[in-house]
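The residues making up each chain are set out below.
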Amino acid sequence: MLPTAEEWEILRLSLRVAFWSVLVSLPLAIAVAHTLARSNFPGKTLFDATVHLPLVLPPVVVGYLLLLLFGRRGPIGAWLEEWFGIIFAFRWTGAALAAGIMGFPLMVRAVRLSFESIDRKLEAAASTLGAGRAGVFLTVTLPLALPGIITGVLLSFARSLGEFGATITFVSNIPGETRTLPLAIYTYTQTPAGDEAALRLSLIAVLLSLAALYVSEVLVRRAAKRVRGDDADGRH
Amino acid sequence: MTLTVDIERHLGAFHLKAAFEAGDGITALFGRSGAGKTSVVNAIAGILRPERGRITIEGEPVFDSGRGIDVPTPRRRIGYVFQEGRLFPHLNVRQNLRYAGFFSRATPQSEFAHVVELLGLKDLLDRRPGNLSGGEKQRVAIGRALLSSPRLLLLDEPLASLDPHRKNEVLQYIELMRDEIKIPIVYVSHAVEEVVRLADTVVLVSAGEVAAIGAAEEVLGRPDLSTSAFEGGAVIDARVVEQDMQYDLATLAFDGGTLTVTNVDALIGEPVRVRIRARDVSIALERPQRISIQNVLGGRIAAVGDERSGVVDVSIGVGATILRSRITARAARQLGLAPGLAVYALVKAVSLDRRGAGTV
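These figures come from a predicted structure and were not determined experimentally.

### Points about the overall build of chain B
Item 1. A tally of helices and strands in chain B yields eight helices and 21 strands.
Item 2. For chain B, the proportion of its 360 residues judged to be buried stands at 44%.
Item 3. Excluding contacts between residues fewer than 6 apart, the proportion of contacts in chain B whose partners are at least 24 apart in sequence is 67%.

Now the structure itself:
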């Protein structure tokens, strides 16, 4: 039972949406996580709460807010279209935006925990060896945070693949453009005699999730070992 | 080269106020845990910012509150060896050693090879810090600091987390480094045996302030400082004149006589420094017969200290050397000890083990 051409298209679209949502949100999530882990400033609690908002709000609300802000007549959407020609409304890019925002707090949380667990004395040691702030960040902080970054990427990737409410509210359910895996499954369950197709797509979703979990587990284990300072072959 | 420090800083209820100068060789910042020694070296490195004061290296200010100078840590060119090593766990030994090279603090390949050989790191280069012993880690940390082309090296209790065997191993490498590489070193320690063995100059730190400063023999021998930070005693510069292999004993000659001590890791002719704790020295009015004590040194009482909780410190001149003896006030009275009295100072050979002696 190989996937049909239509199923391949849905799968490809879902992966494209998830890939871009993760890729674009990662640098931003690292910056936000670093700020939350290391800086103190007035309004930090509010900032923290705002970052976590997508985790607690109903996804439909997030989608609706995106529609208001990033729709073609919304304040941000109109501006982006006028100056950069970027359109989110009813495009796969909009699906990626919705998925990225829903996964953002998960990514920030994992990366932040990783930053907080780093021994800051190592950063002080790096500075005595001539490394400036950027140098310390790139050669010590970031490599040591790698396990958390990988975990954050997986969580956000999985969240993106499963995103439903915000996506359907913001960019609707357009075949080939915004109909990702969950939206397609939903559509089939609403169609007479769509049971078999819904089941097949669900199976694909299960396999995809398992594969993502497996890959991230291997990567995290390898990175954690590296961060602990063990030899690659486990020699003691 | 000189380092001058004159700084002040409040740390909670603790007030740090330190002023001293350090020249070539090893300057020990010596004092109890919590006396503020680490804060001083952190200020020198630029990790801790003093509220007021001035720090100069070779006359160049790296910190001067009056002139608003505060050179950032990476540009101070000070090597820092931390108590816990602080090797980068995600890099192997070679990458740790070369780390400073990424940041235009590179040293020539020849010096890399020299440091690797000096500290015996050749077999460790491809290992990762997680699999090194404590002593190996500290050797790598010393090498890493040396390879950042420092003007000054700070060592903050580099032996504190090591067992006695490893301590001795790393001490030997530090001695080697001191002799081979002419970089001034500030060595922080609360262990008197390390200070005796390594220091040229001692800065005694007590409760955030410099209590005394001077040559090692001088500061470590001062009886008035004995109760505050460490146990009193005398530090004697001597030379090995005989090794008795059968009994594992060495005879040391000093200005005032000879001392027999248990095995010292030094060859005949080598200079060594021994520290004799005041409580290990007994006093007799006549030369005792049939006694196990191997060192009986004739001398004259130079001074009898004041009684403090039933104890007095007596200074005995043996040749040009002053020994300290701590005895009960009752014993001092019974013997009628007074300046000028001829006495014999008794020192057990086993009280001078290798922990108390080191090559100079």
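### Observations concerning the environment of S148 of chain B
Residues and elements named next belong to chain B.
Item 1. Looking at the secondary structure, you find S148 in the loop between α4 (134-146) and β8 (152-156).
Item 2. With 23 C-beta atoms counted inside 10 Å, the residue S148 sits in the buried group.
Item 3. Measuring from C-alpha to C-alpha, the distance between S148 and S33 comes to 29 Å, with 115 residues separating the pair along the chain.

### Some thoughts on the interface of chain A and chain B
One frequently used descriptor of interface size is the decrease in accessible area upon assembly of the parts.
Item 1. Listed as interface residues are 23 residues of chain A and, on the opposing side, 24 residues of chain B.
Item 2. Among the secondary structure elements, those contributing two or more residues to the side of chain A that touches chain B are α6 (120-128), α7 (133-144) and α11 (195-228) of chain A.
Item 3. Ranked by residues supplied to the side of chain A that touches chain B, first place goes to α6 of chain A with six residues.
Item 4. Grouping the amino acids of the side of chain A that touches chain B by side-chain chemistry returns nine nonpolar, eight polar and six charged.

### As for α7 of chain A
Residues and elements named next belong to chain A.
Item 1. Compared with the 16 Å implied by 1.5 Å per residue over 12 residues, the 15 Å span of α7 between its first and last C-alpha is a close match.
Item 2. Among all positions of α7, only V136, T139, V140, T141 and L144 are buried. Projected onto a plane normal to the axis of α7, the buried residues spread over an arc of 155° and lie on a single side. More than 90 degrees from the buried face of α7, the exposed residues found are A134 and L138.
Item 3. Buried residues in α7 make contact with α5 (92-117), α6, α8 (146-162) and α11.

### Let's talk about the confidence of the model for chain B
Item 1. Averaged over all residues, the pLDDT of chain B is 87; the fraction at 70 or higher stands at 94%.
Item 2. Interface scoring of the predicted complex returns ipTM 0.83; its pTM is 0.78.

### Comments concerning the sheet that holds strand β19 (residues 321-328) of chain B
All names here are of chain B.
Item 1. Taking strand neighbours across the sheet as the criterion, the five strands line up as β16-β20-β17-β18-β19 in an open arrangement whose pairing is antiparallel. One side of each edge strand has no neighbouring strand; the edge strands of this open sheet are β16 (281-284) and β19. Each strand axis lies, on average, 45° off the axis of its neighbour in the sheet, ignoring direction.
Item 2. Sheet topology places β16 next to strand β20 (residues 342-347); four bridges connect them, and they run antiparallel. In the sheet register, A284 faces β20, and the bridge partner there is Y344.

### Considerations on the packing of helix α1 (residues 5-38) of chain A against α11 of chain A
All names here are of chain A.
Item 1. It is at 11 Å that the axes of α1 and α11 come closest, and there the two elements cross at 40°. One way to sum up the angle between α1 and α11 is to call them oblique. At the point where α1 passes α11, the crossing takes the right-handed sense. Across from E7, I10 and L11 in α1, the residues of α11 making contact are R200, L201 and I204.
Item 2. Considered class by class, the residues forming the contact of α1 with α11 number four nonpolar, no polar and two charged.

Here is what the cut-offs are and how they apply
- Residues numbered from 1 in each chain as written.
- Chains lettered and ligands numbered in written order.
- Predicted model: local features only at pLDDT ≥ 70, side-chain atom pairs only at ≥ 80, totals over all residues.
- Helix = DSSP H or I, 4+ residues; strand = E, 2+ residues; numbered from the N terminus.
- Buried ≥ 20, exposed ≤ 12 C-beta atoms within 10 Å, placed from the backbone.
- Contact = placed C-beta atoms within 7 Å.
- Nonpolar A, V, L, I, M, F, W, Y, C, P; charged D, E, K, R; others polar.
- Expected span 1.5 Å × (residues − 1).
- Arc of directions from axis to C-beta.
- pLDDT = per-residue confidence, 0-100.
- Pairing = 2+ DSSP bridges.
- Axes fitted to C-alpha atoms, helices over the stretch in contact; angles between N-to-C directions.
- Parallel < 35°, antiparallel > 145°, perpendicular 65-115°, else oblique.
- Left-handed = near helix turned anticlockwise from the far one by under 90°.

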